Every structure is written in C-alpha cells, then in structure tokens.
Amino acid sequence: MRIIDMHCDTLIEGWRHPERSFFDGETSINLKLLKENDSMAQFFAMYLSRQEMETMDPYDILKGIYRYYTKQIETYPDIIRPAFSARDIRRNRDAGLLSAVLTVEDGVFIDGKMERVEEVYDMGVRLLTLMWGYENSVGYPCSDDPEIHQKGLKAFGIEVVERMNELGMIVDVSHMSEGGFYDVAKYSKKPFVASHSCARALCNNKRNLTDEQLRTLGNCGGMVGINFECSFLREGSEHATIEQIIGHLLHMRDKAGIEAIGFGSDFDGIDDNGELVNYSGFGRLLAEMEKKFSDDEIEKICSLNALRVIKDVVGE
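Residues numbered from 1 in each chain as written. Predicted model: local features only at pLDDT ≥ 70, side-chain atom pairs only at ≥ 80, totals over all residues. Heavy atoms only, no water.

1. Details of the state of the cysteines
For clarity, the cut-off: Two cysteine sulfur atoms make up a disulfide if the distance between them is within 2.5 Å. Buried, partly exposed and exposed residues are distinguished by accessible area as a fraction of the type maximum, computed with a 1.4 Å probe on protein chains only: under 20%, between the cut-offs, and over 50%, respectively.
Taken as a whole and assessed by the stated rule, the structure comprises 0 disulfides. No disulfide involves C8; its sulfur sits 16 Å from the nearest other cysteine sulfur, which is in C198. The buried category is assigned to C8, whose relative accessible area is 0%. The thiol sulfur of C198 is not disulfide-bonded, and the nearest other cysteine sulfur, from C203, lies at 7.5 Å.

Structure below.
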C-alpha cells in the first residue's frame, strides 16, 4: 500500500536546523524514510510557530520556510517533486518519484489581506490550516472555554473560505473552534478536511472531533487524517500505540464512513512518536490494520480518500 500522509512539521525543523540533511537527517520524516516505507505523497506544512513570532513577522517566517522547502526540492529532483493536483501525484508515482504537497499551518499570516491567500496558492500551497492555537483574522481556535469554542468564522474568514474554494485550495479545520468548523461546513461549497485530528468520543481533548463533526465531514465528502499525538489518542497516555490509532480509525469509520478517513501523522510536530518511532512505523501499523480492515478499506485510508479530496477540491 502506498501512503499519503496529510500533515507533518518537518519543514520548520529543517528551517531551524539547516545543517540537518533533508535526505537522511534526524527527523521523523526524511526522504530516505519516505522512499523506503512506501510513501506516495507527503503533505509538508509551513508551520508558523509562536516561538519564532516573538521576533519575526509570520509572513516573513512563511517566506523563510518556503525558501528552505524550494531548496530541498531542487536538491533532490530524482527523489521528490512538487505536486499541485491529483494528476501530479499519480504522474510522480508512475515515474517512481515521491510527491510533496505544500501546506500552511495557521492563517495568521493572512492578516486580513486576501491577496496573501492568492500569493501562497501561486507558491504551490494546496491546503491551508485556517487556525492554530490563537485567534487570527479568519476566526477562533478550539478552546476549553465553551464560549470561545462556539465562536465561528469572522466575516473575513467566510470570504477566505469562499476564495479558497474558487482557487482550488483545501480548507483544513484542524485546530479550529467547533463554531468555526460548522461555519466552514455551511459556507464551503467543496469538501473540507481536518488534516490531523482524532475522535473526541475516545479522547476528550479540545483538538478532537465530536461524532457529529465526523458525520458532517463524511456527509460533505471531506475527511479526517488521524493524528499520532498520544494526548489526542487516549487521556493520560504517555506514548502513542498502534492499538490506540486503530481504535480511532475504527470509530471514525463507524461515524464518518470509510471514505472519510486517512492519515495526518503530525510527525516532527509531536514530542513522542510512541510505538511508531518515525515514518517507518507505518509498516507495523498497516500490518495490524489488516486484522480489522479489508485490503480495499486500507487502500482508501492510505491514499484513495486523500486523492479523491484533492481531485474534488484542487482539480484533476
């Protein structure tokens, strides 16, 4: 099975530590691990960290990470190529190449300027995670405060969602308030995703999705990528286990449908990879999934669901 993983934070680690090799450096994802462990496409997030925002403008951080990403892609053209559509991913796969899908995590860089959404689209970004942990010009993050958690998209945020639909950019609601989630469901004319989230019924974390949210994603043709962070998998868990991950996949299949689930590992953005260790752990995960899912179901989870959403939103 070839894998499409919808979220990792490897780029910011590389940008922070340019001395590390993008090919075989000490990160949870690198080109060697991807190539040796059946990757088809990796979504690489340009994560706008609050750590850097203490001294830098978020838009400057984005541009810095983008320069790092471009340099790496240009350095390894015989291993990985950028993908801007479902066709690109299939073409790269058929040529024996990995695909890189560029994303942005946190719409803070937009700062009320619609032209910035258009600019990152032109840079090759095909998915935007609207929120992280703080309010921005688009809307509000998930919160343990019920009042904040029910706040939705701002008026400008609705315009952002509509413009993303027009451009062909995937709207990602991971980290978003529940009110914002339902506003996206209301205003988006195309499927949307939660690229790296888990099920609230199994782990009561503010970042996780309720059963009704999961059903909404399934009904709109969207999907959720399961996150491998232990605090999203089981309350009190000290490290992620394959059993926990499969439990969430089974629950999501029941609530959202088999067409609406995939992977969003969050590798290089989580503190402890648990039993998976790094990207190579996908092999052990898939072997255990064979006990609970059919081959057709596993292929949908691994890649076909993500390819469908890309085709439906970004285009063939």
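Structure shown, so let's carry the discussion forward.
2. Some points on the nonpolar core
Here is the rule: Working definition of a nonpolar core: buried Ala, Val, Leu, Ile, Met, Phe, Trp, Tyr and Cys residues. They are joined through side-chain atoms within 4.5 Å. Helix and strand definitions here come from DSSP, where helices need a minimum of 4 consecutive H or I residues and strands a minimum of 2 consecutive E residues; each element is numbered from the N-terminal end.
Membership of the largest hydrophobic core comes to 90 residues, with the highest contact counts inside it found for L130, F228, F263, L285 and M289. For this core, the element with the highest residue contribution is helix α4 (residues 58-75), accounting for 7 residues.

3. Considering helix α13 (residues 282-289)
In an α-helix, one turn spans 3.6 residues, which is why side chains three or four residues apart end up on the same side. For clarity, the cut-off: Read the arc as the range of directions from the helix axis to the C-beta atoms.
The set of residues buried in α13 consists of F282, L285, L286 and M289. When α13 is viewed along its axis, its buried side chains cluster within an angular range of 95° and face the same direction.

4. Observations regarding helix α5 (residues 86-94)
Within α5, the full set of buried residues consists of A86, D88, I89 and N92. In an axial view of α5, the angular spread of the buried residues amounts to 160°, which keeps them on one side of the axis. Remark: G96 follows α5 within two positions and exhibits a positive phi of approximately 75°.

5. Quick word on a negative patch on the surface
Keep this limit in mind: For patch building, the residue pool is restricted to those with more than 30% relative accessible area and no salt bridge; the joining distance is 9 Å between like charges and 5 Å between nonpolar side chains (Val, Leu, Ile, Met, Phe, Trp, Tyr). We get accessible surface area from the Shrake-Rupley algorithm with a probe of 1.4 Å; when it comes to residues, only the shown protein chains can shield them. By convention in these notes, a salt bridge is any Lys or Arg side-chain nitrogen within 4 Å of a carboxyl oxygen on Asp or Glu. When charges are counted, Lys and Arg contribute as positive and Asp and Glu as negative, whereas His and the chain ends are disregarded. Taken as the charge location is NZ of Lys, CZ of Arg, CG of Asp or CD of Glu.
A cluster of acidic side chains, namely E290, D295, D296 and E299, defines a negative patch on the protein surface. For D296, a relative accessible area of 56% puts it in the exposed group.

6. Brief notes about the packing of helix α12 (residues 242-256) against α13
Defined as follows: Under this scheme, a helix contributes an axis fitted over its contacting stretch, all axes are lines through C-alpha atoms, and angles between N-to-C directions fall in the 0 to 180 degree range. Under this scheme an angle from 65 to 115 degrees is roughly perpendicular, one under 35 degrees roughly parallel, and one over 145 degrees roughly antiparallel; angles in between are oblique. Definitions for this section: a left-handed crossing has its near helix turned counterclockwise from the far helix by less than a right angle. A right-handed crossing has that turn clockwise. The contact criterion used throughout is that any non-hydrogen atoms of two residues lie within 4.5 Å.
Packing of α12 against α13 brings their axes to within 10 Å, and their N-to-C directions diverge by 55°. Overall, the two elements α12 and α13 adopt an arrangement that is oblique. Note that α12 runs across α13; the crossing there is right-handed. Within the contact between the two elements, α12 uses I242, I245, I246 and L249 and α13 uses R284, L285, E288 and M289.

7. Structural notes on the pattern of salt bridges
Evaluation of the coordinates by the stated rule reveals 19 salt bridges. When the shortest N-O distance is used, the salt bridge between E297 and R253 registers 3.3 Å. Residue E297 is located in helix α14 (residues 295-313), and its partner R253 is located in helix α12; the two are separated by 44 residues in the primary sequence. Residue class for R253 comes out partly exposed when judged on its relative accessible area of 27%. The network of salt bridges with shared partners includes E13, R16, R20 and E52.

8. Considering the side chain of N136
To be explicit about the condition: Any pair of nitrogen or oxygen atoms within 3.5 Å is treated as a polar contact; in protein, a donor-acceptor pairing is required on top of that, and neighbouring residues in sequence qualify only through side-chain atoms on both sides.
If you trace the backbone, N136 turns up in the loop between β5 (125-129) and α7 (146-149). Taking the relative accessible area as the measure of exposure, N136 reaches 7% and is therefore buried. Within polar-contact distance, the side chain of N136 engages the side chain of D106 at 3.1 Å. Here V138 takes part through its backbone nitrogen, which lies 2.8 Å from a polar atom of the side chain of N136. Those residues in contact with N136 that lie beyond four places of it in its chain are D106, G107, V108, L130, M131 and K154.

9. Concerning the packing of aromatic side chains
Our working rule: Stacked, tilted and edge-to-face are the three classes assigned to paired rings of Phe, Tyr and Trp, where Trp is represented by its six-membered ring and a pair needs centres within 6.5 Å; plane angles under 30 degrees give stacked, over 60 edge-to-face, the rest tilted. Two limits define a charge over a ring: the Lys NZ or Arg CZ must be within 6 Å of the ring centre, and within 35 degrees of the ring normal.
Within this structure, the stated rule accounts for 15 aromatic pairs. When the centroid spacing of 6.1 Å and the interplanar angle of 35° are considered together, the rings of W132 and Y134 count as tilted. On the basis of relative accessible area, Y134 is assigned to the partly exposed category, the value being 43%. Grouped by ring-pair contacts, the aromatic residues F228, F263, F267, Y279 and F282 constitute a single cluster. It is R126 that lies over the ring of Y121; its NZ or CZ is 3.8 Å from the centre.

10. Notes on the side chain of S143
Within the secondary structure, S143 is located in the loop between β5 and α7. Classification of S143 as buried rests on a relative accessible area of 15%. Only 2.9 Å separates the side chain of S143 from the backbone nitrogen of D145, close enough to count as a polar contact. Sequence-distant contacts of S143, defined by excluding residues within four places in its chain, comprise I148, H149 and K206.

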